[in-house]
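# Survey of secondary and tertiary structure
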Amino acid sequence: MSLEVRGLTVAFAGGVEAVRGVDLTLPAGGTLVLLGESGSGKSATARALVGLPGRGERVGGSVTLGGRSLLGLRGRELRALRGAEIGLVGQDPSGALDPLRRVGPQLEELLRRHRVVGGGAGGHDASGHGASGHGASGHGASHGWRARARSRAAVRARVVELLEHVGLPQPARVAGSFPHQLSGGMRQRVAIALAVCCEPRLLIADEPTTALDARVQTRVLELFGRLRDELGSALLLVTHDVVAARAVGGEVAVMYAGRIVERGPAARLLTAPAHPYTRALLAAQPSRAIPRGRLPAIPGSPPPADRPLPPGCPFAPRCAAAVGVCRVERPELEPLDDEVAAACLLAEREVVAHG
Amino acid sequence: MSVRLKLLLALTAALLLAALLAPLLAPHAPDAGATAQRLLPPGSAGHPLGTDGQGRDLLSRLLWGARPSLLAGIVPVAAAALLGTAIGLLAPLSRRWVETAALRSVDVLYAFPGVLLAIAIAAALGAGLWTTVVALSIALTPPVVRVVQTEVLRFRDADFLAVARASGASWWAVALRQALPLVLPALVVYCTTLVGIAIVYAAGLSFLGLGVSPPTAEWGSMLDELRGNAYTDPVLALLPATTILLVSILFNALGDALRDQLDVKERSVR
Amino acid sequence: MFGRTYVRESQTAAFARFAAKRCALAVPVLIGVATVVFATVALIPGDPVTSMLGPGATPEAVAELTGRLGLDRPLPLRWWEWLSATAQGDLGSSIAQRRPVGEIVMTAFGNTLVLAAAAGLLVLAGGVALGTLTAVGRGRASGRLSSALSIVAISAPQYSVALLLVVLLGVQAGLFPTGGMYDAIGGGGLGDRIHHLALPALAAALVPMGVTARVYAAALTDVLNADFVESMRARGLSEAAVIRHAVRNALPSLLTIGGLQIAYLLEGVVFVETIFAWPGIGQTLFQAIQARDLPVIEAGVLVTAVAFVGLTIAVDALHWLLDPRTRR
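Keep in mind that what you see is a predicted model, and the values were worked out from it rather than measured. Throughout, a residue's number is its position along its own chain's written sequence, starting from 1. Note on labels: chains are lettered from A, ligands numbered from 1, in written order. The predicted nature of this model means local features are confined to residues of pLDDT at least 70 and side-chain atom pairs, given and counted, to a pLDDT of 80 or more, with totals for whole chains, interfaces and linings taken over all residues. No hydrogens and no water enter the side-chain calculation; it runs on all heavy atoms of the structure.

## Comments concerning the overall build of chain C
Keep this limit in mind: Strands are runs of DSSP state E lasting at least two residues, helices are runs of H or I lasting at least four, and both sets are numbered from the N terminus onward. Accessibility throughout is a Shrake-Rupley quantity obtained with a 1.4 Å probe, and a residue counts as covered only by protein chains that appear here. Charge convention: Lys and Arg are scored as positive, Asp and Glu as negative, and His as well as the terminal groups of each chain are ignored. Note that the charge is assigned to NZ on lysines, CZ on arginines, CG on aspartates and CD on glutamates.
The number of helices and strands found in chain C is 12 helices and zero strands. In sequence order, the secondary structure elements of chain C are arranged as α-α-α-α-α-α-α-α-α-α-α-α. Surface exposure of chain C reaches about 14,600 Å², of which carbon and sulfur atoms provide 66%. For chain C, the distance from the average site of its 23 positive side-chain charges to the average site of its 20 negative ones is 14 Å.

Next comes the structure, spelled out in structure tokens:
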């Protein structure tokens, strides 16, 4: 079940694009990190994948999950896909939950909605987690209430199990709590439980650790890795944080001004990047080597998404290495070897010179 | 500034001007009546809006009546705004017991529905324009305190207030220079709507016989006088009622336009 | 498998604590209210004794009645006696009507409650409808229209509306009776009562309906723009389920504002009852003020204020139950 994205565009009403032709490949069970500053179009890409573009945005190109086209899905089909096959975890854990309902019923609602356990024939087999789907069907009609009670108990048991599975202590207590009674990290774990409860084939995490404090961040990222391995689903992590990208590993695609500027395995890309923008991103990360308070930031800001791009490389105005041709010719994403591809005229030259 | 806001401001200015220039604009003296010309319908010669049961010109009475009606709408709001801001601003910034005492007293007044409090006070002081003004000033103060209080509480723990306090500024200075500007947008919006409410209350008191007493022209007492003719001359009876309604809509719409302009959140106070 | 469920903290004890605290807080307010009422009435000009006996009364008769009513004793003493008697439910007897005040005021208050209940239904129904239209249609013509309608409703003085309704629907069209609670002859049935209720209830309901609509619209807009609504869509919940969650989240604001507005109905009834000759607390108060009937004024204002305080407590309690975030 791989995710294939070809020529994805997200355009505003005026025709200007926030995402300008993105190609992504994410195999089943694989990991892809979409790395970039805010305003690079990475979140717009993630939202477009689940069919939730922002107000007035139009999505173009093609997106397929396991060979099935996702763009153009409407209504019932789209809703059946969301949550069940694609799980989304957002940035703000407090925005993931209905503040007035207890955690348990919110998970139950989703499990029932996608018929994972309880209320009819389960579409998925929940094996590997103990509780298999005890549907109401198959029991005698005279025992309807008993079957319903059994089904309700099964759903609740599954909820508690899920909460335990995402690493929440005292899961039964969490299930009986209101969101405001939980800490930010706990709420984010609940949000993750909501995203994975139907064992989606694709798990999209959009800046899932930004609102959490540093210690909790690492644990939550570990949880994503564990869930990916256990469920065998593909993980798409959207982040601005190089540390988070390193922690998750897999493939990394660096986005700038709505385009992918460099792509390759995390191990290589995050140690020896070819694109000057990736280099600048790495240099801007806090590390033990650099004393605090002297964090080198990338000068300037990314080109605004609401205006057409000027000619040349979009990063050229901020690029220390830029030469004359960079302001004239726009580089395309070209493979440098069999692992890494970069959209930089200089990187290509280097490869040519050294190769 | 939106077109809507400009239009509403122009209308308000026109209304105030009409009241101010009533002696020049009114075709007749407000209390000069001729029994031969009783209850003339609107459109009669010399009486564009008709006459009342005593033959007095209704246009002139509406114009003259605007003076006490608007006065009783605006002066109490100004007084309540001053008093309410003082209490609402100083109470949260001052000592604990002062805050408690001030807010408990406001709670007590707040427990009375506004009109009831005004009626009780007006009844105690005896009918008259200034009675109405005093009664409304007291009745309108508690909601103003609430508005100011809610705004101040949003900012009370803000760093810059703490910094101002730590730098040795007096309570008064902090309240006036730091807190007041924060509260002002919400206060302006609320007080504009409050003028509409006060006009309605003031006319209501006169209608009940607790405000301006006849024969002085005032919208509420005109309504009361013409009420008896509702069965025979409904159009005349509805004139003051409609005037009060339109003026009230004007101030409420103005408040709404100001709310959008100043970006104040809709809250429930009244 | 059976019986495995969530661990929830019991809320019963917490609610009892909250309710007890809230009611305790109301006691000083009520004493304050009673004091204000007493003080205001003690200031009312015009001597109740002369107004009872007429101008031709002998000085002896005046002195006798003054003594019998206790009006010659010091104010603080009268205040204390009045307060303790009131606390025990003894509201004294009417000077003008020579009947127990409790009887007069309670009958009138019952009639007012009928009117307020009918108007309250209109407030909630109209407020929710207008507010939903405003919130859902924001930025479109339908939203602007319903927003303008709620401003007109807020601005509509009860007496203007009452008169308008009497003239247009009562007198001109002859569709509704223009006064009283039921027909004197052959009246009193449910249909007849509703027929008599329609116009006064509408006149009393308009202002609070407008306020409710505006506040509910603001609350619903906030909820519809909240992140969790988008999160629910992203999880594939049906649109109906999403709306259900959104409405549930706007409910606390609706009940708070709706409850307070129903309390404010009590202030509009003074005018509505006077115009429609509805024998409620408003009309009773009006007549008592004109007759300088002190005990009735005191009791009428007091009963209204107590009902008002009671309603605010009920609203707070509902809010506690509906919004767990307030339970601190």
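Having put the structure on the table, let's press on.
## With respect to the packing of helix α1 (residues 3-20) of chain B against helix α10 (residues 234-262) of chain B
Residues and elements named next belong to chain B. To keep things clear, this is the line we draw: Orientation is described by lines fitted to C-alpha atoms, with helices fitted over the stretch in contact, and by angles between N-to-C directions that extend from 0 to 180 degrees. Should the near helix be turned anticlockwise from the far one by less than a right angle, the crossing is left-handed, and should it be turned clockwise, the crossing is right-handed. Should any heavy atoms of two residues lie within 4.5 Å, those residues are considered in contact. Gly counts as polar in this scheme, as do all residues outside two lists: the nonpolar Ala, Val, Leu, Ile, Met, Phe, Trp, Tyr, Cys and Pro, and the charged Asp, Glu, Lys and Arg.
The N-to-C vectors of α1 and α10 enclose an angle of 140 degrees; their axes lie 9 Å apart at closest approach. Relative to α10, the crossing made by α1 is left-handed. Contacts between α1 and α10 involve Arg-4, Leu-5, Leu-8, Leu-9, Leu-11, Thr-12 and Leu-15 from the first element and Val-247, Leu-250, Phe-251, Ala-253, Leu-254, Asp-256, Ala-257, Leu-258, Asp-260 and Gln-261 from the second. Of the residues in the contact of α1 with α10, the class split is 12 nonpolar, two polar and three charged.

## A short note on the confidence of the model for chain B
Detailed reading of the predicted coordinates is not advisable wherever pLDDT falls low. Rules: Along the chain, pLDDT gives the predictor's confidence residue by residue, from 0 to 100.
Residue-level pLDDT values for chain B average 82, and 94% of them are 70 or greater. Model confidence for chain B, summarised as mean pLDDT per element, is weakest for helix α7 (residues 159-166) of chain B at 68 and strongest for α1(B) at 92.

## Considering the sheet that holds strand β12 (residues 341-342) of chain A
All names here are of chain A. What counts here: In this analysis, strands are considered paired if DSSP registers two or more bridges between them.
Here we have eight strands laid out as an open sheet, ordered β6-β7-β8-β3-β9-β10-β12-β11, and mixed in their pairing. Because the sheet does not close on itself, it has two edges, and the strands there are β6 (86-89) and β11 (334-335). Relative to strand β9 (residues 251-256), strand β3 (residues 31-35) is paired through four bridges, and the arrangement is parallel. Its bridge partner being in β9, Leu-32 is matched across the sheet by Glu-251. Contacting β3, β6, β7 (202-206) and β8 (234-239), helix α7 (residues 214-231) runs over the sheet at an angle of about 160 degrees to β8. Contacts between helix α10 (residues 276-283) and the sheet are confined to β3, β9 and β10 (259-265), with β9 contributing the most and set at about 100 degrees to the helix.

## Re the packing of helix α6 (residues 141-155) of chain C against helix α8 (residues 190-224) of chain C
Residue and element names in this part refer to chain C. This is how it is decided: Throughout this description, any angle smaller than 35 degrees is read as roughly parallel, any larger than 145 degrees as roughly antiparallel, any in the 65 to 115 degree range as roughly perpendicular, and the remainder as oblique.
Between α6 and α8, whose axes approach to 7 Å, the crossing angle comes to 140 degrees. Compared by their axis directions, α6 and α8 come out oblique. Of the two elements, α6 crosses α8, and the hand of that crossing is left-handed. Taken together, the residues of α8 that come into contact with α6 (itself represented by Ser-147, Ser-150, Ile-151, Ala-153 and Ile-154) are Leu-206, Val-207, Gly-210, Val-211, Ala-213 and Arg-214. Tallied by class, residues from the contact of α6 with α8 come to seven nonpolar, three polar and one charged.

## What about the interface of chain C and chain A?
In plain terms, the rule: A side-chain nitrogen of Lys or Arg and a carboxyl oxygen of Asp or Glu constitute a salt bridge if their distance falls within 4 Å. Counted as a polar contact is a pair of N or O atoms within 3.5 Å, where, for protein atoms, one must be capable of donating a hydrogen and the other of accepting one, and residues adjacent in sequence contribute only when both atoms are in side chains.
Taken together, the 34 residues of chain C in the interface contact 41 residues of chain A. Taken together, the connections running from chain C to chain A amount to zero salt bridges. At the boundary of chain C with chain A, the tally comes to 12 residue pairs in polar contact (both at pLDDT 80 or more). Mapped by element, the contributors of at least two residues to the side of chain C that touches chain A are α9 (227-234) and α10 (239-276) of chain C. Grouping the constituent residues of the side of chain C that touches chain A by class yields 12 nonpolar, eight polar and 14 charged.

## Some thoughts on the environment of Arg226(A)
All names here are of chain A. Our working definition: A simple rule labels every residue: compare its accessible area, found with a 1.4 Å probe on the protein chains alone, to the largest value its type can have, and call it buried under 20%, exposed over 50%, or partly exposed in between.
By secondary structure assignment, the location of Arg-226 is in helix α7. Its relative accessible area of 34% is what places Arg-226 among the partly exposed residues. Distance from Arg-226 to Val-166, taken between C-alpha atoms, is 9.4 Å for residues 60 residues apart in sequence. Excluding residues within four positions of it along the chain, Arg-226 makes contact with His-165, Val-166 and Gly-167.

## A closer look at the interface of chain B and chain C
Taken together, the contact between chain B and chain C spans 45 residues of the former and 47 residues of the latter. Taken together, the connections running from chain B to chain C amount to one salt bridge. Its salt-bridge partner being Arg214(C), residue Asp256(B) comes within 2.3 Å of it at the nearest N-O pair. Where chain B touches chain C, the interface holds six residue pairs in polar contact (both at pLDDT 80 or more). Secondary structure elements with two or more residues in the side of chain B that touches chain C: α4 (96-110), α5 (114-125), α8 (171-207), α9 (219-227) and α10 of chain B. In terms of residues, the side of chain B that touches chain C owes the most to one element, α10(B), which gives 11 residues.

## Notes on the side chain of His114(A)
Tracing the backbone shows His114(A) in the loop between α3 (103-113) and α4 (144-165). Judged by its relative accessible area of 11%, His114(A) is buried. Separated by 2.8 Å, the side chain of His114(A) and the backbone oxygen of Arg235(C) make a polar contact.

## Section: the sheet that holds strand β1 (residues 3-11) of chain A
All names here are of chain A. One open sheet holds the four strands; their spatial order is β2-β1-β4-β5, and the pairing between them is antiparallel. Strands at the two margins of the open sheet, each flanked by one partner only, are β2 (17-26) and β5 (68-69). Bridge count for β1 against β2 is seven bridges, and the pairing is antiparallel. By the bridge assignment, Val-10 is partnered in β2 with Val-19. Packed onto the sheet, helix α1 (residues 42-49) meets β1, β2 and β4 (58-65) and runs at close to 115 degrees relative to β1.

## Examining the arrangement of the chains
Interchain contacts are distributed over two pairs of chains, and the most extensive set of them lies between chains B and C. With no contact formed, the shortest span from any C-alpha in chain A to any C-alpha in chain B equals 20 Å.

## Some points on the packing of aromatic side chains
Residue and element names in this part refer to chain C. Condition: Stacked, edge-to-face and tilted labels apply to pairs of Phe, Tyr and Trp rings (six-membered ring for Trp) whose centres lie within 6.5 Å, assigned for plane angles under 30 degrees, over 60, and everything in between, in that order.
Here the structure, examined in full by the defined rule, presents 10 aromatic pairs over all chains. Measuring from centroid to centroid gives 6.2 Å for Trp-79 and Trp-80, while their planes differ by 50 degrees, and the two rings are tilted. On the basis of relative accessibility, which here comes to 26%, the residue Trp-79 falls in the partly exposed class. A residue is classified by how much of its surface remains accessible, and Trp-80, at 52% relative accessible area, is exposed. On the basis of an interplanar angle of 65 degrees and a centroid distance of 5.1 Å, the ring pair of Tyr-159 and Phe-271 is categorised as edge-to-face. Taken as a pair, Tyr-159 in helix α7 (residues 158-172) and Phe-271 in helix α10 lie far apart in primary sequence, 112 residues in all. Each member of the pair, Tyr-159 as well as Phe-271, carries the same accessibility label: buried.

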